[in-house]
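Coordinate inspection notes
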Amino acid sequence: MHGVEILGFYDLTGVVRYLEGKTSGIEMHMEENEKILEESERILDFKDVKGQDELIEAVVLAAAGGHNMLMVGEPGCGKTMIAQRIPTILPEMTEEEGLEVTKIYSISGLLPNGHTLMKYRPFRAPHHNASLNALIGGGANAMPGEVSLAHNGVLFLDELAEFSRRTLDALRQPIEDKKVSISRVNGTHTFPSNFMFITAMNPCPCGYELF
């Protein structure tokens, strides 16, 4: 992150002494390049996809325009594999976008130890059995849900027809408003939810009727 001076202290006493001007902090050098390289090794790439040229072209057009997308096809044709790679063809996150995503993952307890700033767009793929609170957000402490964890990235719902109607209806407001508001007794919490919505499903229960 640019414009930030990082000082390290062994304990709270050192912090107090530094604020009193009695000592100096230990300058910290974050090995950001190593962290980025380590994270990039886990990023999936479209070079692994063989065939499906028409689908890839459609995905590129959707990514370029920020459009949502539904893929319909038989089991095993590559819908999930392609969806997992969509974040890699989206523009790189700006520092402001990275800070937004990092804060969401931090308050959710999902930020890896030692991680500084998230550089890559998130990809979230909740199971169709996920509860409404898990998807939209909620709970006693009003924590962010999958729609917020996918902020500035991709939310992928596989087996779309298996999700309940109530769950799908609840997605309308986050998709339209780019944010989700959760009301509790102690107040209303608002989390961002600006994501690319990608879905996939089989053409019928057996998966092969139209093929």
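Structure: above.
Below, the structure is looked at part by part.

Procedures and definitions
- Residues numbered from 1 in each chain as written.
- Predicted model: local features only at pLDDT ≥ 70, side-chain atom pairs only at ≥ 80, totals over all residues.
- Heavy atoms only, no water.
- Helix = DSSP H or I, 4+ residues; strand = E, 2+ residues; numbered from the N terminus.
- Buried < 20%, exposed > 50% of the residue type's maximum accessible area, 1.4 Å probe, protein only.
- Contact = heavy atoms within 4.5 Å.
- Core = buried A, V, L, I, M, F, W, Y, C linked by side-chain atoms within 4.5 Å.
- 1 Å grid on protein atoms, 1.4 Å probe; cavity = no way out; pocket = protein on both sides within 12 Å on 5 of 7 lines; lining within 4 Å.
- Points joined across faces, edges and corners; volume = space filled by probe spheres on them.
- Nonpolar A, V, L, I, M, F, W, Y, C, P; charged D, E, K, R; others polar.
- Salt bridge = Lys/Arg side-chain N within 4 Å of Asp/Glu carboxyl O.

1. Quick notes on the side chain of glutamate 146
Looking at where glutamate 146 falls in the secondary structure, it is placed in helix H7 (residues 146-149). Classification of glutamate 146 as buried rests on a relative accessible area of 13%. Sequence-distant contacts of glutamate 146, that is, excluding residues within four places in its chain, are made with Arg124, Pro126, Ala134, Leu135 and Leu155.

2. Quick look at the nonpolar core
Generally speaking, soluble globular proteins have nonpolar side chains that are buried together. Counting 18 residues, the largest nonpolar core has Val59, Met69, Met71, Ile82, Met196 and Ile198 as the members making the most contacts within it. If you tally residues by element for this core, the top one is helix H3 (residues 53-65), at five residues. Look past the residues within four positions of methionine 69 in its chain and what remains in contact with it is Leu55, Ala58, Val59, Ala62, Phe197, Ile198 and Thr199.

3. A short note on the layout of surface pockets
Here the second largest pocket is characterised by a volume of approximately 250 Å³. Looking at the second largest pocket, it is lined by 13 residues, and the ones nearest its centre are Gly66, Leu90, Gly153, Phe195 and Met196. Here the lining of the second largest pocket is composed, by residue class, of five nonpolar, five polar and three charged.

4. Points about the pattern of salt bridges
Applying the stated criterion across every chain, the model contains five salt bridges. Residue arginine 85 pairs with aspartate 48 through a salt bridge whose shortest N-O separation is 3.5 Å. Remark: aspartate 48 occurs in the loop between helix H2 (32-40) and H3 and arginine 85 occurs in helix H4 (residues 79-85); sequence separation between them is 37 residues. The buried category is assigned to arginine 85, whose relative accessible area is 6%. Relative accessible area serves as the criterion here: at 40%, aspartate 48 is assigned to the partly exposed category.

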